[in-house]
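# Structural features, examined
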Amino acid sequence: MKVGYEFSKESCEDPVMKGELLLLSSVMFLLYVVSGCPERCHCHSFSKSVDCSQQGLVEIPSDLPPQTLTLHLQDNEIHQLPAFAFRSVPQLITLNLSNNSLSTLDPGAFHGLQHLKVLNLTQNSLHSLENRLFHSLPQLRELDLSSNNISHLPTSLDKPWENLTVFAVQQNQLQQLDRTLLESMPSVRLLFLKNNLWKCNCHLLGLKLWMEKFIYKGGVTDGITCASPDTWRGKDLLKIPHELYQPCPSPPDQVPSPAPQPGSARGAAPSLPEDRSALAECELKAKPRPANLRYAIATFIVTAVVCGIVGLMMLVATIYGCAYAAVTAQGHGGPLAPTNQPGKTAGKELLDSPAA
Ligand SMILES: *[C@@H]1O[C@H](CO)[C@@H](O)[C@H](O)[C@H]1NC(C)=O
Ligand SMILES: *[C@@H]1O[C@H](CO)[C@@H](O)[C@H](O)[C@H]1NC(C)=O
Ligand SMILES: *[C@@H]1O[C@H](CO)[C@@H](O)[C@H](O)[C@H]1NC(C)=O
Ligand SMILES: *[C@@H]1O[C@H](CO)[C@@H](O)[C@H](O)[C@H]1NC(C)=O
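Let us look at the structure shown here. Since this is a predicted model, take the numbers as computed values, not measurements.

Rules used throughout
Residues numbered from 1 in each chain as written. Chains lettered and ligands numbered in written order. Predicted model: local features only at pLDDT ≥ 70, side-chain atom pairs only at ≥ 80, totals over all residues. Heavy atoms only, no water. Helix = DSSP H or I, 4+ residues; strand = E, 2+ residues; numbered from the N terminus. Contact = heavy atoms within 4.5 Å. Areas by Shrake-Rupley, 256 points an atom, 1.4 Å probe, with all protein chains shown as cover. Near = heavy atom within 4 Å. Polar contact = N/O pair within 3.5 Å; in protein donor to acceptor, adjacent residues only side chain to side chain. Nonpolar A, V, L, I, M, F, W, Y, C, P; charged D, E, K, R; others polar. Phe/Tyr/Trp six-rings, centres within 6.5 Å; stacked < 30°, edge-to-face > 60°. Buried < 20%, exposed > 50% of the residue type's maximum accessible area, 1.4 Å probe, protein only. Core = buried A, V, L, I, M, F, W, Y, C linked by side-chain atoms within 4.5 Å. Disulfide = S-S within 2.5 Å. Pairing = 2+ DSSP bridges.

## A word on the overall build of the chain
Across its full length, the chain holds nine helices and 11 strands. Long-range contacts, defined as pairs at least 24 residues apart, comprise 52% of the intrachain contacts of the chain with a sequence gap of at least 6. Only carbon and sulfur atoms are counted for the fraction: they give 62% of the accessible area of the chain, which is about 22300 Å².

Pasting the structure below:
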């Protein structure tokens, strides 16, 4: 080794250096080829990013380099993500799926993406998202779900999404958003909610109160514009005074959820606290209590009167019955006569027996 090096240094330095460089680059090239780059993508080994955008892809390419940190899949026609879709790229930090054809996501689609920080799902056709989906992305900081058809988001997450700072759901079909979901994102600073179908009734009151606190603490939002009821259409939710909310009718009237009120105790358990708080907030504005009380009192009085009359009639009947019995007994020589008869005979027998 040493001899060879000295030799090369003495005689023909440049060609050997070139050879080494050539060897090095071919090794790198080999490594690159072994780790692979999908046919329709451009792989940048230095930045560890892979660009597969605008290629008419309908599914995730299978041979992605495992060390990929950034994956551009935007502007394709990917219409579904199976469970563990990104199993081959566990280091991923940024995933761009914007402008695809996703309408559903398998709840395990992002399993294994422990390091993902940015997920862009904007301009797809998603209509709902599941609680479980979020759990596979503990490190996520930015989630862009804007410009989809989402009408339903989970009411809460089982554990807080600690690092999420940007949450974007503008341009969707949301009518309602549970404040407990936002409470599961303690670090959120940027919130995009505009252009949904916000239904500004008492169910949105919790969100309004949360938003007021959020803005007070320095959070930034594009705001909530009511789409219904007609009274509030086009109005800013934050500018409607609390006092003007209509009372909520009854809990089962809430947005259709998989765990309805009359369900089993187990099924209803997780959603019970927020339902109760929503109900409490709504009842705060409602004034049916005095009426209810009056109704209860009236019912009680009516029942008491009816019971009293029936009782009185029964008493009268009893007294009448007894009196009638007594009168008849007196008229026929009293009811004691027949009972005295056997006593007398017994006495007679008793008297008779010593004589006999
Ligand atoms: C979305 O992707 C398609 C290709 O699939 C492209 O033609 C279109 O311009 C993209 N739209 C936007 C808004 O980027
Ligand atoms: C994703 O793709 C869109 C459209 O090309 C682009 O605007 C956006 O910056 C990309 N990156 C991320 C992180 O979303
Ligand atoms: C996602 O992509 C859109 C364009 O399609 C872009 O406007 C937006 O900023 C991106 N979101 C994030 C969080 O990078
Ligand atoms: C949030 O980010 C910090 C700093 O990067 C990290 O240490 C922590 O583990 C993250 N939290 C979760 C739940 O992953």
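That covers the picture; the talk isn't over yet.
## Thoughts on the site of ligand 4
Neighbouring residues of ligand 4: Pro 138, Gln 139, Arg 141, Glu 162 and Asn 163. For ligand 4, an oxygen atom lies 3.1 Å from a polar atom in the side chain of Arg 141. One of the side-chain N or O atoms of Asn 163 is found 2.3 Å from an oxygen atom in ligand 4. Bound to the protein, ligand 4 loses 47% of the 360 Å² it would expose on its own. When grouped by side-chain class, the residues that make up the shell around ligand 4 number one nonpolar, two polar and two charged.

## Thoughts on the site of ligand 3
Lining the immediate surroundings of ligand 3 are Ser 98, Asn 120, Thr 122, Gln 123, Glu 142 and Asp 144. Ser 98 places a polar side-chain atom, nitrogen or oxygen, 3.3 Å from an oxygen atom of ligand 3. Asp 144 is positioned such that a nitrogen or oxygen atom in its side chain is 2.9 Å from a nitrogen atom of ligand 3. Surface burial for ligand 3 is 51%, taken as the share of its 360 Å² of free accessible area covered by protein chains. Broken down by class, the residue content of the shell around ligand 3 amounts to no nonpolar, four polar and two charged.

## Looking at the packing of aromatic side chains
Using the criterion set out here, one finds two aromatic pairs in the structure. Between Phe 86 and Phe 110 the ring centres are 6.0 Å apart and the planes differ by 10°, which places this aromatic pair in the stacked class. Linking Phe 86 in the loop between β4 (80-81) and β5 (94-96) with Phe 110 in the loop between β6 (104-105) and β7 (118-120), this pair joins segments that are 24 residues apart in sequence. Residue Phe 86 is classed as buried on the basis of its relative accessible area of 1%. Measuring from centroid to centroid gives 4.9 Å for Trp 210 and Phe 214, while their planes differ by 15°, and the two rings are stacked. Highlighted residues: Trp 210 and Phe 214, both in helix α5 (residues 205-216), separated by four residues, approximately one helical turn. Comparing Trp 210 with Phe 214 shows no difference in burial state: the two are buried.

## Here we look at the nonpolar core
Within soluble globular proteins, side chains that are nonpolar tend to cluster in buried spots. Ranked by size, the top nonpolar core spans 60 residues in total, and within it Leu 73, Leu 81, Phe 86, Leu 95, Leu 97, Phe 110 and Phe 167 carry the most contacts. Counting only elements with at least two residues in this core, the list comes to α3 (131-135), α4 (179-183) and α5. Per element, the largest residue contribution to this core is four residues, and it comes from α5. If near-sequence neighbours (up to four positions away) are discounted, Phe 86 is found in contact with Ile 60, Leu 71, Leu 73, Leu 81, Leu 92, Leu 95, Leu 97, Ala 109, Phe 110 and Leu 113.

## Section: the state of the cysteines
Applying the stated rule across the entire model yields three disulfides. With its sulfur 2.2 Å from that of its partner, Cys 41 forms a disulfide with Cys 52. Handedness of the Cys 41-Cys 52 disulfide follows from its S-S torsion of about 105°: it is right-handed. Here Cys 41, found in the loop between α2 (13-35) and β1 (42-44), pairs with Cys 52, found in the loop between β2 (49-51) and β3 (70-72); they are 11 residues apart in sequence, far enough to count as distant. By relative accessible area, which is 8% here, Cys 41 ends up buried. What makes Cys 52 buried here is its relative accessible area of 0%.

## Notes on unusual backbone geometry
Of all residues except glycine, most have a negative phi; of all peptide bonds, most are trans. The peptide bond linking Ser 228 to Pro 229 adopts the cis configuration, its omega dihedral lying at -5°. Relative to the helices and strands, Pro 229 is located in the loop between β11 (220-221) and α6 (265-268). If you check the backbone angles, Gln 54 has positive phi at about 55° while not being a glycine. Structurally, Gln 54 is set in the loop between β2 and β3. Positive phi values are uncommon outside glycine, yet Asp 75 reaches one of about 60°. Mapped onto the elements, Asp 75 comes out in the loop between β3 and β4. What makes Asp 75 partly exposed here is its relative accessible area of 31%.

## As for the sheet that holds β7
If you trace the nine strands from one edge of the open sheet to the other, you get β1-β2-β3-β5-β7-β8-β9-β10-β11, paired in mixed fashion. Of all the strands in the sheet, the pair left with one neighbour each is β1 and β11.

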